Amino acid sequence: MTNCSLLCVLAFGIFRLEVKHVAQDLLIKNGLVVDGSGAPGVQADVAVKDGLITAIGKLSEQAKQTIDAEGHVVSPGFIDGHTHMDAQVFWDQLGSCSCYHGVTSVVMGNCGFTLAPCRETEADLVFRNLERAEDISREAMLEGIEWRWETYPEYMDAVAATPKGINYAGYVGHSALRTYVMGQRAFEESATEDELKTMASIVQDAVKAGAIGFSTSRTRNHETADRKPVASRIADWSEVKYIVTKMRETGAGIFEIASEDTGRHPERLQDYQNRLRELSVDYGVPVTFGMFSSRRAPDFWRGYLDFVQDVNAAGGEMFTQVHSRALNVILSFETRTPFDNWEVWRDIRRLPKNEQIAKLKNPEIKAKLVEIASHPSERHRAIGAEVRPPDWHWTFLLDEPSGGSKRMDELAAEKGISPVELMIDLAVESDFKAMFRQPIANEIDSEVIDLIKTPNTVCTFSDSGAHVSQIMDSSLQTHLFKHWVRKENALTLEQAVRLVTSVPAGRWGLNNRGLLHVGNAADITIFDADTIGPDMPEVVHDLPSGARRLKQVAHGIQNTIVNGEVFLEKNVHTGSQSGQLLRGPLAQ
């Protein structure tokens, strides 16, 4: 063999060794693979290349990056089907706070609230829908959004081009649609026949371009800042039905609705359910909405779930979105208290923090505040997740990340003072860091787990991106594992993983996600089943314009991987921006 031939052979050998060395982009070794199907976990390795899972088993091949997952669960990335990140996606490359809890994909645009279709010159019309109903700062939106769209397909293109760490799918929203077509009249009048046709055509175009469906709100919980109904609430049902059925003529599209308020009126409830049944059974539209239990109406939610089962038995497709814990309004002197607009309180609460604390330490001033707060003569009307005047038996000290169970009336009785005085004392002692929770739904744990386990429900509904200073439910997935798997033993690890991965993926048609199968997208969460759980929430001022929000991270998550790239390491951003816009089936 000539020297040249020998060099060629050696070079070829070296080349082959290099190819073998970089055969995979990522190799996850020694983990307990819980694939999302509900099947028992197995010890295995997972290989990833070009954003896809390429092999699962006992693997010996090399990779550019190797993660040792020994002692950890390797699961599909969690999926959150109910968020409002439509504005946040443009200033937050992470997708917080959902991203801190193992979530790799979210669905936004719920309840009819989107930023498209909308002309930039009319942005205040969509801000008007969002500002109070979803507690999203107008100033933050003005400063944080670079408007690059008018139509919904153009909005999706803008999201697709925006650097992001997680994946986003979205509905086209009814309130934005109405204001785009009708202008200011959207808040006041019914649509004309031509306007109806225009709205339906816009929705069809949006779904063809990849919108996951159409959403609306008909609940009184959604108001504008001037306490008027959001635009979608002005529409009568014939408008909703027309748009939804025309959407379905495309062969795709989910209908999401923030439900009508029927109260305890059987005839109104029956009428509303009949209309939903018609859409699902007669027109073949997948229908979804949220459902919480309530201590004030203990049997209401069970009847609703029975209705959903009946619709599915009749050939329809309907599913409800449920939560993993109580829906809590968070109170604090750093954000809001129930008394901020009451006599005397309002003047003090407008002061800088150090001046507030000084006055709260003054015995005479504190006594006056306690007296006023003990006589609910200035009760205000709260909607949605806004702070309510307190029922102290159902107001808790938030001293534990999953909620805390110490009732304020009982704690106050132990000290021989009123709950209001205790709240003030705890706030002052903690430099205003003390937090309290008001459960406004899902108050009874036994009913929460019944909702989770009922067929045709999906454990999701974080509202991430909305109610940013009022609630903190982005941690619902980590709470599920900490509370229902580890503490209560009400779910197995495999059941819980399935509930937040393949179940929502299947419902929202994210067909190559939610399961750790060869060929699927490599969205992966690696976590310690013995420690995963939420941390305490905190108040931060990191929104554009310095607006405040509640932030909550988690512990026990080793890595979050999105489309094959390590996105978070122990919830610290690696710099990866591998998130994608997930388009519906007609655009795939």
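Residues numbered from 1 in each chain as written. Predicted model: local features only at pLDDT ≥ 70, side-chain atom pairs only at ≥ 80, totals over all residues. Heavy atoms only, no water.

(A) Layout of the packing of helix α13 (residues 408–415) against helix α14 (residues 419–429). Viewed as axis vectors pointing N to C, α13 and α14 meet at an angle of 90°, and their least axial separation amounts to 8 Å. Taken as axis vectors, α13 and α14 run roughly perpendicular relative to one another. For the pair α13 and α14, contact is made by Met408, Asp409, Leu411, Ala412 and Lys415 and by Pro419, Leu422 and Met423, respectively. Residues that form the contact of α13 with α14 fall into these classes: six nonpolar, no polar and two charged. (Axes fitted to C-alpha atoms, helices over the stretch in contact; angles between N-to-C directions. Helix = DSSP H or I, 4+ residues; strand = E, 2+ residues; numbered from the N terminus. Parallel < 35°, antiparallel > 145°, perpendicular 65-115°, else oblique. Contact = heavy atoms within 4.5 Å. Nonpolar A, V, L, I, M, F, W, Y, C, P; charged D, E, K, R; others polar.)

(B) Focus on helix α6 (residues 193–209). Across its 17 residues, α6 extends 25 Å between first and last C-alpha, which sits within 8% of the 24 Å expected from 1.5 Å per residue. The complete set of buried residues in α6 reads Glu195, Leu196, Met199, Ala200, Ile202, Val203, Gln204, Ala206, Val207 and Ala209. Each element contacted by the buried residues of α6 is listed here: α4 (152–161), β8 (167–173), α5 (174–182), β9 (213–217) and α7 (237–248). At the C-terminal side of α6, Gly210 shows a positive phi close to 125°. (Expected span 1.5 Å × (residues − 1). Buried < 20%, exposed > 50% of the residue type's maximum accessible area, 1.4 Å probe, protein only.)

(C) Structural view of the pairing of strand β7 (residues 103–108). Judged by how many residues are buried, β7 sits mostly within the fold: six of six residues are covered. The pairing of strand β6 (residues 78–80) with β7 spans three bridges and is classified as parallel. Residue pairing for β7: Ile79 is matched across the bridge by Ser105. Summarising the sheet, β7 and β8 pair through four bridges and their orientation is parallel. (Pairing = 2+ DSSP bridges.)

(D) Quick peek at the pattern of salt bridges. Enumeration over the complete set of coordinates arrives at 32 salt bridges. Salt-bridge contacts for Arg296 lead to Glu443; the nearest nitrogen and oxygen are separated by 3.8 Å. In this pair, Arg296 is assigned in the loop between β11 (287–290) and α9 (300–313) and Glu443 in the loop between β16 (435–441) and α15 (445–453), connecting sequence segments 147 residues apart. Within this structure, Arg218, Glu260, Asp271 and Arg275 form a network of salt bridges that share partners. (Salt bridge = Lys/Arg side-chain N within 4 Å of Asp/Glu carboxyl O.)

(E) The packing of aromatic side chains, seen in detail. One pass over the structure, following the stated rule, counts 22 aromatic pairs. Considering the side-chain rings of Phe90 and Trp149, the 5.1 Å spacing of their centres and the 20° angle between planes classify their relative orientation as stacked. Residue Phe90 is found in the loop between β6 and β7, and its partner Trp149 is found in the loop between α3 (138–144) and α4; the two are separated by 59 residues along the sequence. The exposure class assigned to Trp149 is buried, which follows from its relative accessible area of 5%. On the numbers, 4.9 Å between centres and 40° between planes, the contact of Phe339 with Trp345 is tilted. Linked through ring pairs, Phe90, Phe127, Trp147, Trp149, Tyr152 and Tyr155 together constitute an aromatic cluster. Lying across the ring of Trp394, Arg407 places its NZ or CZ 4.7 Å from the centre. (Phe/Tyr/Trp six-rings, centres within 6.5 Å; stacked < 30°, edge-to-face > 60°. Lys NZ or Arg CZ within 6 Å of the ring centre and 35° of its normal.)

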